[in-house]
Structure formats: C-alpha cells, structure tokens
Amino acid sequence: DSTLLVGGNDGKVRWFDISQGENNVAQPIYVFETENAEVRDMEIRQVPSKGTTILTVAAGSTVYFFDIDARKRLHAHKMPIHFKDEGGASLHPDGTKFVAGGSDLWV
C-alpha cells in the first residue's frame with residue numbers, strides 16, 4: 001500500500017500517497033485537523049457495518065474520529081484526561097463505542 005498517515009505536534013494528521021512523490025518527496029493529499037493539540041495516538045479501523053474506514057486520533061484531551069473515505073471529521077469527544085505523555089484510544093470493531101486511557105492509569 002502506498003498510503004502513509006503522519007500525526008504531528010501541530011495537531012494535524014497528514015495523509016500522503018507516497019507513490020505520487022516528485023523527486024522522492026511526497027506531498028500530503030489531505031490533512032485532517034484537530035484543535036491544535038499534539039497528536040499522541042492514531043488507529044485505523046475498517047468498520048464494515050458503516051461501510052467506511054475510521055481514523056481514531058488522541059490529541060490533547062480529545063478523541064477524534066474521522067471518516068477516511070469521506071475525508072471528514074465525524075466526532076470529537078472531550079475526555080477527563082490529557083494525552084500529554086502517553087495514552088490513546090481504540091474504536092470497537094462495530095464502530096459504536098471506544099475506549100481511551102492515559103498515563104494517569106485512567107481508562
């Protein structure tokens with residue numbers, strides 16, 4: 001596969017198609033944006049019941065869900081923790097719930 005997703009400390013997840021790079025330098029083909037919080041964790045999950053692929057992002061104190069196929073943000077959930085040191089989120093395979101945890105041992 002020639003897709004690469006890169007999360008940055010500027011709160012952006014850049015989507016690259018590395019097969020399209022000019023002089024071996026790929027340019028992002030799309031950028032998913034959080035609210036300027038450092039991206040600490042990302043997960044991609046195909047959700048057949050919804051007919052799409054979901055990108056889950058933990059950034060700052062929020063968990064974001066993006067529909068990769070439609071290239072849009074679906075939801076943003078504020079959490080009672082901050083993903084500053086470590087932690088992350090994972091979407092259930094049916095796409096209806098998620099779990100998140102951080103360095104404070106909160107789940």
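Everything numeric here is computed off the predicted structure, so don't read it as measured data.

1. A short note on the sheet that holds strand β1 (residues 3-7)
Across the sheet, 3 strands lie side by side as β1-β2-β3; this open sheet has antiparallel pairing. The open sheet terminates on both sides in strands that have one partner only, identified here as β1 and β3 (28-33). Each adjacent strand pair in this sheet contributes to an overall mean axis angle of 20°, direction not counted. Pairing of strand β2 (residues 12-17) with β3 involves 5 bridges; the strand directions are antiparallel. The residue of β3 that forms the bridge with F16 is P28.

2. A few points about the pattern of salt bridges
Working definition: two side chains of opposite charge can pair if their charged atoms are close together. Scanning all chains against the criterion turns up 5 salt bridges. Note that E38 and R40 form a salt bridge whose closest N and O atoms lie 3.1 Å from each other. Between K97 and D94 there is a salt bridge, with its nearest N and O atoms 4.0 Å apart.

3. Remarks on the sheet that holds strand β7 (residues 72-78)
Taken in spatial order, the 4 strands of this open sheet run β4-β5-β6-β7, and their pairing is antiparallel. Looking at strand neighbours, the two that pair on one side only are β4 (39-47) and β7, the edges of this open sheet. Across the sheet, the mean angle separating the axes of adjacent strands is 20° when strand polarity is ignored. The sheet contact formed by β4 and strand β5 (residues 52-59) spans 8 bridges and is antiparallel. Bridging across to β5, D41 finds its partner in A58.

Thresholds, definitions, all that
Residues numbered from 1 in each chain as written. Predicted model: local features only at pLDDT ≥ 70, side-chain atom pairs only at ≥ 80, totals over all residues. Heavy atoms only, no water. Pairing = 2+ DSSP bridges. Helix = DSSP H or I, 4+ residues; strand = E, 2+ residues; numbered from the N terminus. Axes fitted to C-alpha atoms, helices over the stretch in contact; angles between N-to-C directions. Salt bridge = Lys/Arg side-chain N within 4 Å of Asp/Glu carboxyl O.

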